[in-house]
Amino acid sequence: MKTDVPAEKSIRRNLYRVLRKTGVTKENICLTATFIDDLKFDKVDWTIFTYYLERVFNISVKDEEISKFGSVNDTLHYLRGELIYLSN
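Only a predicted model underlies this, so the values are computations on that prediction, with no experimental measurement involved.

Scoring rules and cut-offs
Residues numbered from 1 in each chain as written. Predicted model: local features only at pLDDT ≥ 70, side-chain atom pairs only at ≥ 80, totals over all residues. Heavy atoms only, no water. Helix = DSSP H or I, 4+ residues; strand = E, 2+ residues; numbered from the N terminus. Rg over C-alpha atoms; globule rule 2.2 N^0.38 Å. Buried < 20%, exposed > 50% of the residue type's maximum accessible area, 1.4 Å probe, protein only. Contact = heavy atoms within 4.5 Å. Areas by Shrake-Rupley, 256 points an atom, 1.4 Å probe, with all protein chains shown as cover. Lys, Arg positive; Asp, Glu negative; His and termini not counted. Charge placed at Lys NZ, Arg CZ, Asp CG, Glu CD. Salt bridge = Lys/Arg side-chain N within 4 Å of Asp/Glu carboxyl O. Expected span 1.5 Å × (residues − 1). Arc of directions from axis to C-beta.

**Describing the overall build of the protein chain**
At step 1: Secondary structure assignment for the protein chain yields four helices and zero strands.
At step 2: Mapped in sequence order, the helices and strands of the protein chain form the string α-α-α-α.
At step 3: Rg of the C-alpha trace for the protein chain: 12 Å, near the compact-globule value of 12 Å for 88 residues, within the 12% margin.
At step 4: Across its three principal axes, the protein chain shows a C-alpha extent of roughly 40 × 25 × 20 Å.
At step 5: A buried classification covers 36% of the 88 residues belonging to the protein chain.
At step 6: By sequence separation, contacts in the protein chain at least 24 residues apart represent 58% of the contacts at least 6 residues apart.
At step 7: Accessible surface, the protein chain: about 5,800 Å² in total, of which carbon and sulfur atoms supply 51%.
At step 8: A gap of 7 Å separates the mean positions of the 14 positive and 13 negative side-chain charges of the protein chain.

The following block contains the structure:
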C-alpha cells in the first residue's frame, strides 16, 4: 500500500516537537544544532528522543542509525529518506 510522504515542513515541525519532548527549548532548535555540543544530549535524552521519534513518525530506528545523528539536520535527512522508502 502506497502512502503519501509528509511535506518537508511537516517533517521538520514534528521533529522539532520530538526535540521539545526531550527538554530542548525552542530557542536552541535549529537545523545546524548538534546533539552533543549544542543540545547537550545525554543517554537519557537519546532514549527519550528515540522513543518519541519512532512514535511520532511511526518508524523503527536502529541503534547504529541513531549513532550517526550528529545534528538536527542529519536526523531530518534520515527521516526524509525513511519516509520516502516507506511510502513506496
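Having seen it, we continue.
**Focus on the pattern of salt bridges**
Side chains that differ in sign of charge can pair as their charged atoms come close.
At step 1: Applying the stated rule across the entire model yields four salt bridges.
At step 2: One salt bridge in this structure joins Glu54 and Arg55, with 3.7 Å as the shortest N-O distance.
At step 3: Using a relative accessible area of 16% as the deciding quantity, one classes Glu54 as buried.
At step 4: Residue Lys68 pairs with Glu65 through a salt bridge whose shortest N-O separation is 3.7 Å.
At step 5: Residue class for Lys68 comes out exposed when judged on its relative accessible area of 57%.
At step 6: A single salt-bridge network, built from bridges that share partners, covers Glu8, Arg12 and Arg80.

**Details of the side chain of Thr75**
At step 1: Position of Thr75 relative to the elements: it lies in helix 4 (residues 72-87).
At step 2: Here Thr75 falls in the buried class, since its relative accessible area comes to 0%.
At step 3: If near-sequence neighbours (up to four positions away) are discounted, Thr75 is found in contact with Leu15, Phe35, Phe49, Leu53 and Phe69.

**Considerations on helix 4**
At step 1: Counted at 1.5 Å a residue, the expected span for helix 4 with its 16 residues is 22 Å, and the 22 Å between its end C-alpha atoms agrees.
At step 2: By the burial criterion, the buried members of helix 4 are Val72, Thr75, Leu76, Tyr78, Leu79, Glu82, Leu83 and Ser87. Projected down its long axis, helix 4 shows its buried positions confined to an angular sector of 165 degrees, all on one face.
At step 3: Residues of helix 4 that are buried in the fold lie against helix 1 (8-21), helix 2 (43-57) and helix 3 (63-66).

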